[in-house]
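Chain by chain, the residues:
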Amino acid sequence: MEAVGVAPAPVAAAVKKKLLDLKDPFPTAAAENGAKASPAGKWAMKKKLVGGDAGYVLEDVPHLTDYLPELPTFPNPLQDNPAYSVVKQYFVNPDDTVTQKIVVHKTSARGTHFRRAGPRQRVYFQSDEVNAAIVTCGGLCPGLNTVVRELVCGLYDMYGVTSVVGIEGGYKGFYSKNTIPLTPKSVNDIHKRGGTILGTSRGGHDTAKIVDCLQDRGINQVYIIGGDGTQKGASVIYEEVRRRGLKCSVVGVPKTIDNDIAVIDKSFGFDTAVEEAQRAINAAHVEAESAENGIGVVKLMGRNSGFIAMYATLASRDVDCCLIPESPFYLEGKGGLLEFIERRLKDNGHMVIVVAEGAGQDLIAKSMNFVDTQDASGNKLLLDVGLWLSQKIKDHFKKKPNFPITLKYIDPTYMIRAVKSNASDNVYCTLLAHSALHGAMAGYTGFTVAPVNGRHAYIPFYRITEKQNKVVITDRMWARVLCSTNQPCFLSHEDVENMKHDDDHEHHLHNTQLLEGDSSPKCNGLAAAV
Ligand SMILES: Nc1ncnc2c1ncn2[C@@H]1O[C@H](COP(=O)(O)OP(=O)(O)O)[C@@H](O)[C@H]1O
Ligand SMILES: O=P(O)(O)OC[C@H]1O[C@](O)(COP(=O)(O)O)[C@@H](O)[C@@H]1O
Ligand SMILES: [Mg+2]
């Protein structure tokens, strides 16, 4: 019998390697500009890894005391709050951590863990000392206003903080606009509206100017709500704050309608988007069903990741074909999309196609001789795959006079993004905001907050910005889509084998070197759960 609590030798060696691997996850603003890093800045480059028994690794987040060791602490005011006094064990045990890997074997190493989110017994800010700022960046997403509301109300109600301001219009607002005072009264019903009351923008991230603003205004807690680009920006802000030795917690709240942020279970607004997409798919179905050889084409968001399209397809059951960026497809010839459309129309008389906006971009670019362009944040601007696909289908059937079709193209993308968040996203946003402010009050900084396997955790910035969350088309979830639509997979046997090999290779790398491998999409935890 194997000894309990002892990691197998290769696993133990990998843990040791990981703990020794204290390389800079991202350069500081100063280092990037060739400046000499201060001792604090130099130390800031290190990952905070803590080893434990049986291959346990805590990927910890920074704390203000890492570079300001003399900070005083205070009792958490929540201990006198009548609403929370009845909770049996309200404060989180400082040793609580959340595992990244939920499916294990009896010989598995315990693997990567993150610090559990929640209120701590001692806090590093007195209520009247806090000057908090909130900013929303990047594209819109249902739930932004809810997070803003709950940050403001949580700071007021739980910690007695009365100085909270909003930064207008994203990162550039730090140095180009006045701040907006936020009170529980002013944010009372904003969760019932889509968009963000603070405004948002792409581009305009100027680290030095942003940190100057924090310093000049005496902001000591900054809550940065945004997607992968925003979290990269938050990470360099944290580095600069630390280099300057400021007592300021930098907290990221992940936002992306595309659900493309790695490690976390899912992002807020995603559920709402999938739900709202049903209305467009239903409309496409009704139109298609009512015409002779009716085809409904619906374009959904998903720049690099097709989660909305995949989940909307699975939820609807009216979709005949789902096209996502992760799964290449082709139009002409045997096994191609046009052949499939023809067959489905002959069999059923109508069909619905859902296409994620990032799908087929290489095909369109080829057919149009297109040169890459970018938005202000450096994101690649996409060509309209919905229009292109609709035209290609029409052109194909024009050549077949005995096969008349009626095609309706629906692009609901901005209508979906602009709605208010649904009930479950509202609850989720509330918990996110609370976890974020508990972390800041407890002195943590340089982290993103999100659920990992259902429990809220503090995750170092580099872990969620190093890789995008994508649909893994060799996982069971995508197979479910193919099975429900009966669409072609557009891949040869050889392609499938190569992909499986690549995924196995990555899985192996992660398991042996990083001790974290789980290539399944973590959307909703559903894929991993069943
Ligand atoms: N690598 C980066 N470093 C610093 N700031 C960044 C980086 N990438 C994006 N940003 C900033 O983050 C903000 C939002 O980024 P964007 O990609 O538009 O949206 P999202 O955060 O939703 O992915 C922009 O203001 C942009 O300038
Ligand atoms: O037209 P905009 O405002 O740039 O937004 C479009 C993009 O926003 C997205 O929703 C993603 O935005 P974020 O990265 O900001 O979350 C994409 O799916 C879409 O391509
Ligand atoms: Mg993004």
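Since the structure is predicted, the reported quantities are computational estimates derived from the model, not experimental observations. (Residues numbered from 1 in each chain as written. Chains lettered and ligands numbered in written order. Predicted model: local features only at pLDDT ≥ 70, side-chain atom pairs only at ≥ 80, totals over all residues. Heavy atoms only, no water.)

**Side note on helix α13 (residues 385–398)**
Now for step 1: The first and last C-alpha atoms of α13 sit 20 Å apart over 14 residues, in line with the 20 Å expected at 1.5 Å per residue.
Now for step 2: Among all positions in α13, only Val385, Gly386, Trp388, Leu389, Ser390, Ile393, His396 and Phe397 are buried.
Now for step 3: In this structure, the buried residues of α13 make contact with β12 (294–300), β13 (321–323), α11 (337–348), β14 (350–356), α12 (361–368) and β15 (406–410).
Now for step 4: Where α13 begins, one side-chain oxygen reaches toward the backbone nitrogen of glycine 386, 2.9 Å away; that side chain belongs to aspartate 384. (Helix = DSSP H or I, 4+ residues; strand = E, 2+ residues; numbered from the N terminus. Expected span 1.5 Å × (residues − 1). Buried < 20%, exposed > 50% of the residue type's maximum accessible area, 1.4 Å probe, protein only. Contact = heavy atoms within 4.5 Å. Polar contact = N/O pair within 3.5 Å; in protein donor to acceptor, adjacent residues only side chain to side chain.)

**A closer look at the sheet that holds β15**
Now for step 1: The 4 strands are arranged β13-β14-β12-β15 in an open sheet whose pairing can be described as parallel. Two strands close off the open sheet at either side, each with one partner strand: β13 and β15. The mean inter-strand angle of the sheet, taken between neighbouring strand axes irrespective of direction, is 15°. (Pairing = 2+ DSSP bridges. Axes fitted to C-alpha atoms, helices over the stretch in contact; angles between N-to-C directions.)

**Here's the deal with the pattern of salt bridges**
Now for step 1: All chains considered together, the criterion is met by 23 salt bridges.
Now for step 2: Where aspartate 96 meets arginine 116, a salt bridge forms, and the shortest distance between an N and an O atom there is 2.7 Å. Of the two residues, aspartate 96 is situated in the loop between α4 (82–85) and β4 (97–99) and arginine 116 in strand β5 (residues 111–116); the sequence distance between them amounts to 20 residues.
Now for step 3: The class of aspartate 96 is partly exposed, set by a relative accessible area of 22%.
Now for step 4: The partly exposed category is assigned to arginine 116, whose relative accessible area is 27%.
Now for step 5: Three or more residues are tied together by salt bridges with common partners; here these are Asp212, Glu240, Arg243 and Arg244. (Salt bridge = Lys/Arg side-chain N within 4 Å of Asp/Glu carboxyl O.)

**Some thoughts on the UniProt feature "binding site: ATP" (unreviewed entry) in the chain**
Now for step 1: Within this numbering scheme, the UniProt entry marks Gly139, Arg202, Gly203, Gly227, Asp228, Gly229 and Thr230 as carrying the feature "binding site: ATP" (unreviewed entry). Spanning 92 residues, the annotated positions come together in the fold, the maximum distance between their C-alpha atoms being 12.9 Å.
Now for step 2: Checked against the element boundaries, aspartate 228 lands in helix α8 (residues 228–243).
Now for step 3: Judged by its relative accessible area of 24%, aspartate 228 is partly exposed.
Now for step 4: Sequence-distant contacts of aspartate 228, that is, excluding residues within four places in its chain, are made with Ile261, Thr465 and Gln468.
Now for step 5: Checked against the element boundaries, threonine 230 lands in helix α8. (UniProt positions renumbered as here; feature names shortened; annotations may be inferred.)

**Here's the deal with unusual backbone geometry**
Now for step 1: For asparagine 259, which is not glycine, the phi torsion reads 60° and is therefore positive.
Now for step 2: Looking at the element boundaries, asparagine 259 is found in the loop between β11 (249–254) and α9 (270–289).
Now for step 3: On the accessibility criterion, asparagine 259 (0% relative accessible area) is buried.

**Overview of the site of ligand 1**
Now for step 1: Taken together, the neighbourhood of ligand 1 is formed by 16 residues, with Arg202, Gly203, Asp228, Thr230 and Ser377 sitting nearest.
Now for step 2: Here an oxygen atom of ligand 1 sits 2.4 Å away from a polar atom, N or O, in the side chain of threonine 230.
Now for step 3: Contact distances for ligand 1 include 2.8 Å between an oxygen atom and a side-chain N or O atom of lysine 255.
Now for step 4: Protein chains shield 81% of the accessible area of ligand 1, which is 550 Å² for the free molecule.
Now for step 5: The residue makeup of the shell around ligand 1, split by class, is 1 nonpolar, 11 polar and 4 charged. (Near = heavy atom within 4 Å. Areas by Shrake-Rupley, 256 points an atom, 1.4 Å probe, with all protein chains shown as cover. Nonpolar A, V, L, I, M, F, W, Y, C, P; charged D, E, K, R; others polar.)

**Some thoughts on the environment of leucine 432**
Now for step 1: Position of leucine 432 among the secondary structure elements: in helix α15 (residues 423–441).
Now for step 2: Residues leucine 432 and valine 147, spaced 285 residues apart in sequence, show a C-alpha to C-alpha distance of 7.3 Å.
Now for step 3: With near-sequence residues (within four places) excluded, leucine 432 lies in contact with Val253, Phe268, Val449, Ala450, Pro451 and His456.

**Quick notes on the site of ligand 2**
Now for step 1: Not every one of the 13 residues close to ligand 2 is listed here, only the nearest: Gly139, Asp258, Glu357, Tyr414 and Arg417.
Now for step 2: At 3.0 Å, a side-chain N or O of lysine 255 approaches an oxygen atom of ligand 2.
Now for step 3: Between ligand 2 and glutamate 357, the relevant distance is 2.5 Å, taken from an oxygen atom to a side-chain nitrogen or oxygen of the residue.
Now for step 4: When isolated, ligand 2 has an accessible area of 480 Å², and the protein chains bury 84% of it.
Now for step 5: When the residues that make up the shell around ligand 2 are grouped by side-chain class, the tally is 3 nonpolar, 4 polar and 6 charged.

**Comments concerning the packing of aromatic side chains**
The description of an aromatic ring pair rests on the distance of the ring centres and on the angle between the ring planes.
Now for step 1: Per the stated rule, a full pass over the model turns up 7 aromatic pairs.
Now for step 2: Each ring, one from tyrosine 330 and one from phenylalanine 490, has its centre 5.9 Å from the other, and the planes form 75°; the classification is edge-to-face. Taken as a pair, tyrosine 330 in the loop between β13 and α11 and phenylalanine 490 in the loop between α17 (476–485) and α18 (493–514) lie far apart in primary sequence, 160 residues in all.
Now for step 3: Taken together, the aromatic side chains of Phe329, Tyr330 and Phe490 make up a single cluster linked through ring pairs.
Now for step 4: The positively charged end of lysine 247 is found above the aromatic ring belonging to phenylalanine 125, 4.4 Å away from the centroid. (Phe/Tyr/Trp six-rings, centres within 6.5 Å; stacked < 30°, edge-to-face > 60°. Lys NZ or Arg CZ within 6 Å of the ring centre and 35° of its normal.)

**Remarks on the nonpolar core**
Now for step 1: Counting 105 residues, the largest nonpolar core has Ile134, Tyr223 and Phe268 as its most contacted members.
Now for step 2: Ranked by the residues each element gives to this core, the list is headed by helix α5 (residues 144–159), at 10 residues.
Now for step 3: Beyond its immediate chain neighbours, meaning those up to four positions away, isoleucine 134 contacts Val148, Leu151, Val152, Val164, Val165, Gly166, Ile167, Leu182, Leu198, Tyr223 and Ile225.
Now for step 4: One finds Phe329, Leu331, Trp388 and Leu407 within the second-largest nonpolar core, a separate group that totals 25 residues. (Core = buried A, V, L, I, M, F, W, Y, C linked by side-chain atoms within 4.5 Å.)

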